[in-house]
Amino acid sequence: MIEVRHLTKKYGKHTAVEDISFTVEPGKIYGFLGPNGAGKSTTMNIITGCLAPTEGEVLIDGHSVLDEPIEAKRAVGYLPEVPPLYPEMTPEEYLRFVAEAKGVRRDMIAEEVEGVMASTGITDMRRRLIRSLSKGYKQRVGIAQAMIGDPDIVILDEPTEGLDPQQRAEIRDLIGTLGKDRTVILSSHVLSEVQEICENIIVISHGKLVADDTVENISRSLRQDITMTLTVMATPEEVESVISGIEGVKSFSIVSTNGSETSAKIKYGSELDLRETVTFAFSDIRRAVVSMGIEEESLEDIFLKLTSDGADASPDGAGTGGEDAEDAEDTEDAEDEEYDEDEDGDLKYDPADYIGGTDSGPGGTGTEDTEGAEEIGKTEEKNSDGGDYKPLFGGK
Amino acid sequence: MLAVYKREIKSYLTGITGYVMMAVILAFVGFFVTFSNVYGGSPKFNYSLITSVSFFVFLIIIPFITMRSFAEERRSKTEQLLLSLPITTHRIVLAKYFAMLTLIAIPTLIIGLYPLILSLSSGAEGVINFAVSYNSLFMLFLLLAVMTAIGMFASSLVENQIVAALIAAGAFFLMFFMSMISSMFPSDPIVSLIALVVCAAALGAVVYGMTRSSTAACVVTGGLSLILFVMYFVDTAMFWGLFPSLLSSVALFDVYMNGASLLGVFDIGEIIYYLTFAAVFVFMTVESVERRRYN
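From a predicted model like this one, the values you see are computed outputs, not experimental measurements.

Colleague: Talk me through the overall build of chain A; I want residue IDs and the actual numbers.
Modeller: Of regular secondary structure, chain A possesses 14 helices and 14 strands. Each of the 396 residues in chain A was classed as buried or not, and the buried ones make up 47%. Across chain A, every contact between residues at least 6 apart in sequence was considered, and the portion connecting residues at least 24 apart equals 70%.

Colleague: I'd like to hear about the overall build of chain B, residue by residue, with values.
Modeller: Per the secondary structure count, chain B includes 17 helices and zero strands. With the principal axes as the frame, chain B shows a C-alpha extent of 65 × 55 × 30 Å. The buried share of chain B, taken over its 295 residues, is 38%. For chain B, the share of sequence-separated contacts (at least 6 apart) that also reach a separation of at least 24 residues comes to 80%.

Colleague: Explain the sheet that holds strand 1 (residues 2-11) of chain A residue by residue, including any values.
Modeller: All names here are of chain A. On the basis of which strands lie adjacent, the open sheet formed by four strands has the order 2-1-4-5 and antiparallel pairing. A single partner strand is all that each edge strand has here, and the edge strands are strand 2 (14-24) and strand 5 (63-64). Here seven bridges tie strand 1 to strand 2, and the two strands are oriented antiparallel to one another. Looking at the pairing, Lys9 lines up with Val17 of strand 2. Sheet strands in contact with helix 1 (residues 40-47) are strand 1, strand 2 and strand 4 (55-60), and its direction is about 120 degrees off that of strand 1.

Colleague: Please give an account of the domain arrangement of chain B that cites residues and values.
Modeller: We note that the domain assignment places domain 1 (2-175 + 251-293) and domain 2 (186-240) within chain B. Here domain 1 of chain B and domain 2 of chain B have C-alpha centroids that lie 32 Å from each other.

Colleague: Please set out the pairing of strand 12 (residues 249-258) of chain A residue by residue, giving values where relevant.
Modeller: All names here are of chain A. With zero of ten residues buried, strand 12 is to be regarded as a mostly surface element. By the bridge criterion, eight bridges tie strand 12 to strand 13 (residues 261-269) in an arrangement that is antiparallel. The residue bridging Phe252 from the neighbouring strand is Ile266, located in strand 13.

Colleague: Go over the sheet that holds strand 14 (residues 289-295) of chain A, please, and point to the residues and values.
Modeller: Residues and elements named next belong to chain A. Within the open sheet, the four strands sit side by side as 12-13-11-14. Their pairing is antiparallel. Two strands close off the open sheet at either side, each with one partner strand: strand 12 and strand 14. Direction aside, neighbouring strands of the sheet carry axes that sit 15 degrees apart on average. Sheet topology places strand 11 (residues 225-232) next to strand 13; eight bridges connect them, and they run antiparallel. Each bridged residue has a counterpart across the sheet, and for Asp225 the counterpart in strand 13 is Gly269. The sheet strands contacting helix 9 (residues 236-244) are strand 11, strand 12 and strand 13, and the helix crosses strand 12 at an angle near 165 degrees.

Colleague: Go over the packing of helix 4 (residues 109-120) of chain A against helix 5 (residues 135-147) of chain A, please, and point to the residues and values.
Modeller: Residue and element names in this part refer to chain A. Contact pair helix 4 / helix 5: the axes reach a minimum separation of 9 Å and the direction vectors enclose 135 degrees. Judged on the interaxial angle alone, helix 5 and helix 4 are oblique. Read as a crossing pair, helix 4 and helix 5 show a hand that is right-handed. Contacts from Val116, Met117 and Thr120 in helix 4 reach Arg140, Ile143, Ala144 and Met147 in helix 5. Among the residues forming the contact of helix 4 with helix 5, the class breakdown is five nonpolar, one polar and one charged.

Colleague: Go over the confidence of the model for chain B, please, and point to the residues and values.
Modeller: Residues and elements named next belong to chain B. Per-residue confidence for chain B gives a mean pLDDT of 87; residues scoring 70 or more make up 98%. Taken element by element, chain B is modelled with least confidence in helix 16 (residues 260-263), mean pLDDT 73, and with most confidence in helix 7 (residues 89-111), mean pLDDT 94. Of the two predicted TM-score estimates for the complex, the pTM is 0.76 and the ipTM is 0.84.

Colleague: Tell me what's going on with the environment of Gly259 of chain A, and back it up with residues and numbers.
Modeller: All names here are of chain A. Looking at the element boundaries, Gly259 is found in the loop between strand 12 and strand 13. On the neighbour-count criterion, Gly259 (6 C-beta atoms within 10 Å) is exposed. When the C-alpha atoms of Gly259 and Ala234 are compared, they prove to be 9.2 Å apart, with 25 residues separating the residues in sequence.

Colleague: Hey, could you go over the environment of Leu226 of chain B for me, with residue numbers and the actual values?
Modeller: Residue and element names in this part refer to chain B. Mapped onto the fold, Leu226 is located in helix 13 (residues 214-234). Its 12 C-beta neighbours within 10 Å are what place Leu226 among the exposed residues. As for Leu226 and Val197, which are separated by 29 residues in sequence, their C-alpha atoms are 9.1 Å apart.

Colleague: Lay out helix 9 (residues 130-157) of chain B with the relevant residues and their values.
Modeller: An α-helix turns once every 3.6 residues. As a result, residues three or four positions apart point the same way. Look at helix 9 of chain B: 41 Å from first C-alpha to last across 28 residues, which is about the 40 Å you get at 1.5 Å a residue. Counting buried residues in helix 9 of chain B gives 22 out of 28 residues, a clear majority hidden from the surface.

Colleague: Describe in detail the interface of chain B and chain A, supporting the description with residues and values.
Modeller: With 19 residues of chain B at the interface, the matching set in chain A holds 21 residues. Secondary-structure elements contributing two or more residues to the side of chain B that touches chain A are helix 1 (2-14) and helix 6 (79-84) of chain B. For the side of chain B that touches chain A, the element with the highest residue contribution is helix 1 of chain B, accounting for five residues. In the side of chain B that touches chain A, the residues fall into eight nonpolar, seven polar and four charged.

Colleague: Let's hear about the nonpolar core: which residues, and what values?
Modeller: Within the largest apolar cluster, 152 residues are counted, with the highest numbers of intra-cluster contacts made by Tyr30 and Ile201 of chain A together with Leu143, Val146 and Ala149 of chain B. With 15 residues, the top contributor of residues to this core is helix 9 of chain B. In this structure, this core is formed jointly by two domains, domain 1 (2-175 + 251-293) and domain 2 (186-240) of chain B, each of which donates at least three residues. With sequence-adjacent residues up to four places away left out, Leu143 of chain B is seen in contact with Leu252, Tyr256 and Tyr274 of chain B. If you look at the next biggest cluster of nonpolar residues, it comprises 13 residues, including Ile243, Leu274, Val278 and Phe282 of chain A.

Colleague: How would you sum up helix 1 of chain B? Please name residues and give values.
Modeller: For helix 1 of chain B, spanning 13 residues, the distance from its first C-alpha to its last is 18 Å, which sits close to the expected 18 Å at 1.5 Å a residue. When helix 1 of chain B is considered as a whole, its buried residues turn out to be Ala3, Val4, Arg7, Glu8 and Tyr12 of chain B. For helix 1 of chain B, the angular spread of buried residues about the axis comes to 165 degrees, placing them on one side. Of the surrounding secondary structure, the elements contacted by the buried residues of helix 1 of chain B are helix 3 (91-101) of chain A together with helix 2 (17-39) and helix 7 of chain B.

Colleague: So what's going on with the confidence of the model for chain A? Residues and values would help.
Modeller: Mean pLDDT over chain A: 76, with 74% of residues reaching 70 or higher. Confidence over residues 310-396 of chain A falls short of pLDDT 50; this stretch has 144 contacts with residues more than four positions distant or in other chains.

Conventions adopted
Residues numbered from 1 in each chain as written. Chains lettered and ligands numbered in written order. Predicted model: local features only at pLDDT ≥ 70, side-chain atom pairs only at ≥ 80, totals over all residues. Helix = DSSP H or I, 4+ residues; strand = E, 2+ residues; numbered from the N terminus. Buried ≥ 20, exposed ≤ 12 C-beta atoms within 10 Å, placed from the backbone. Contact = placed C-beta atoms within 7 Å. Pairing = 2+ DSSP bridges. Axes fitted to C-alpha atoms, helices over the stretch in contact; angles between N-to-C directions. Domains from an automatic or database assignment. Parallel < 35°, antiparallel > 145°, perpendicular 65-115°, else oblique. Left-handed = near helix turned anticlockwise from the far one by under 90°. Nonpolar A, V, L, I, M, F, W, Y, C, P; charged D, E, K, R; others polar. pLDDT = per-residue confidence, 0-100. Expected span 1.5 Å × (residues − 1). Core = buried A, V, L, I, M, F, W, Y, C linked by C-beta atoms within 7 Å. Arc of directions from axis to C-beta.

In C-alpha cells, the structure reads:
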C-alpha cells in the first residue's frame, strides 16, 4: 500500500506538484493521468525515492521513502519515463545486474531472470546488445527490470509512449497480466489505455490532484446528462406524449420517423436510470421499444473537464460535478469527436487515434455509438478550443 | 553494492576505453623506466615514477577514467535506476569508486613487476632497492586514489562528461602548480585575510550550486567571513603567511614528489593525508548525488 501525504515539490520558484495526497490500495491497477507537464513523473519519482519532496511524505507499506529508503524501495519496481538501460549490456546481463542489485538470492537469480524474460517476451533477444534493440523491446526490458525481485508494487511511467499500435497492445496485455497479483500504477496521457486496464484513476493537472476514484465513480459524479437514443414502433405524437409524461426528463427531441418507427433523443440527469421507466411507459400503451442506447461520457471527456483551466481550481472537482456547468455542452461535442475517429477506422500511428478508443475493453464505460459524423463542424470547433490538450484529443 | 561494482568493472572492460587507458599509463611509465633505469642505468626506480614529466599522463588519464562515473548515468537517465534501487547512495558511490580504483590498480600491479625485472641485472650505479621502490609505487597508488575521488566528485556535479573531465583536469593542474602559486602570495596578514574571504565567497557559490538556496550560500559566506574578521582582529599574527601555507597544504603532488617517496622512507603521515583527502571527496560525491534528489 502506498500513502502519499501532502506532497509538494518545488523547483526553485516553480511548483511542480502541490499538496497531493492519495492512497493506493494493494492489488489494483491505478491509472495516473494528466496532461504533459502536470507533474506525473515528478510524483512518480518522489514515490520511488528518486526525488525528495519539498514537503510531505510517502509511505510504502508503512515505511517512509525518505527515512527508511531501503525497506520502502524493496517493495517497488520502477520504470521511469526513459527506460534506464545500459546500451552496452545484453538484456540478460542487465537483468542479472538488477536482480543482484535488488538483493535477489544468488541461487534464485537465474530462475528469476529467466521467468521475467519469458513473461515480457524478451527471451529471444537475451544475447543481443540493448543498444541494438528496437524501441518496443527496450521498453520491455525496462518493464522486465521493474518486475525483477517480484515487488508488490510496480510503477510504470508512460510505458507505451512512443510505441507503435501493435507494441502498445502487447505492452497493455503485459500490464494486465502484471496487475493480476500486484499493485500497478501506470501513468499515461493515452486515455483509452487507462480506461481499458485501470480500475482506479488519479488525475492531476497543473501539479494538483483533481480526481482520485474508480473509473465508474468519476464518470458518474462528473457526468452532466445522459443521452438516451430510442427507437419505438409508434408515431411521433405518441412518443412525444409518453416521454413528456416521464419524470426526470430534461429535454427530448424527435430525431426521425421511418414508417412505423420513430427515433427520439432524451436527456436526463446522470443520477437517474430511466431505462426501465421508458420501457414500461411505452409498453403501457402497447408500443414496442425497438432499440435503446445510452451515451455515456468517455474518460477523455471527463479528463478534459478535470484538467481544463476552468476546473482545476477545485481539488475535489470529482465530487462536485455540478460546478462545471459551462463544460456541459463541450462534453457532447468531445464525445462526437471520438466517434468520428472511430468511424474513420484508420489506425494510424497517432496518439489521437488511440484516444479514439478504437477498442473498448472490459474496463470501459460501455459507450454506444449512436450519432456521429453529423457534427463534424462542432467537433473541429472543439478542437480549436482544446488549448493545451490539442495533440491529445485528435487535433487534426 | 557488489552488483554495481561488477557492472562498473564490466563496462570499463567490455569496451576499448579501459584497455586504452591502461595501455597509455603502462606505455608512459614504461618509457620513463626504460629511459632512466635501463638506458640510464640508474637503480632508483622511485625517481622514474616521481619524474614530474611522467606525471602529466596521470593528470590527463585520471579525468578520462572518472568523467563517466556519474555524468554519464545522469545523461542517459540510468541514474534513476540506481536511485530507485534498494541500495544506499554511499554504497553506490563506493562501488563506483572501488571499480575505478580496480581499473587503476591493474596497471599499477603491472608496474610493480618492473623492479623485479630491473633487479635481474644490476645497473651501472648499483642494485635496485625493493623497499624504496614499492613504497613509492604504493604512494603513487594512493595519490591516484585521491585524484580519482576528485575526478568522481567533478563527474557528480555535471551532466556532460567532457565538462567533468575538464573540471578534474583543471583542478589537477592547479594543484600541480600549487607550490608555485602559493609562493606568489605575500605573507602579509591582510593578504591572507582577503584571500580567505574570497575563498569563503567561492565556497558560498559552490553551496548555492548544490542547494540552489541563496540563504544557505549567504549564511556560509557571511558566517565564515565574520569568523575570519573576528579572528583577524583577535590574533593578527596568526594570519601571517596563513594563506600561502594553506595553499601548500593542498599541493597534493608536492607531497608525493618531495616527500617520503623521494627519500625512500615510509611516512604514515603522508598516507593519512592522502586517505583523508580521498575520503573527503568520496563523501562530497555522496552528498552531491544525494543533493540531486532535492533539486
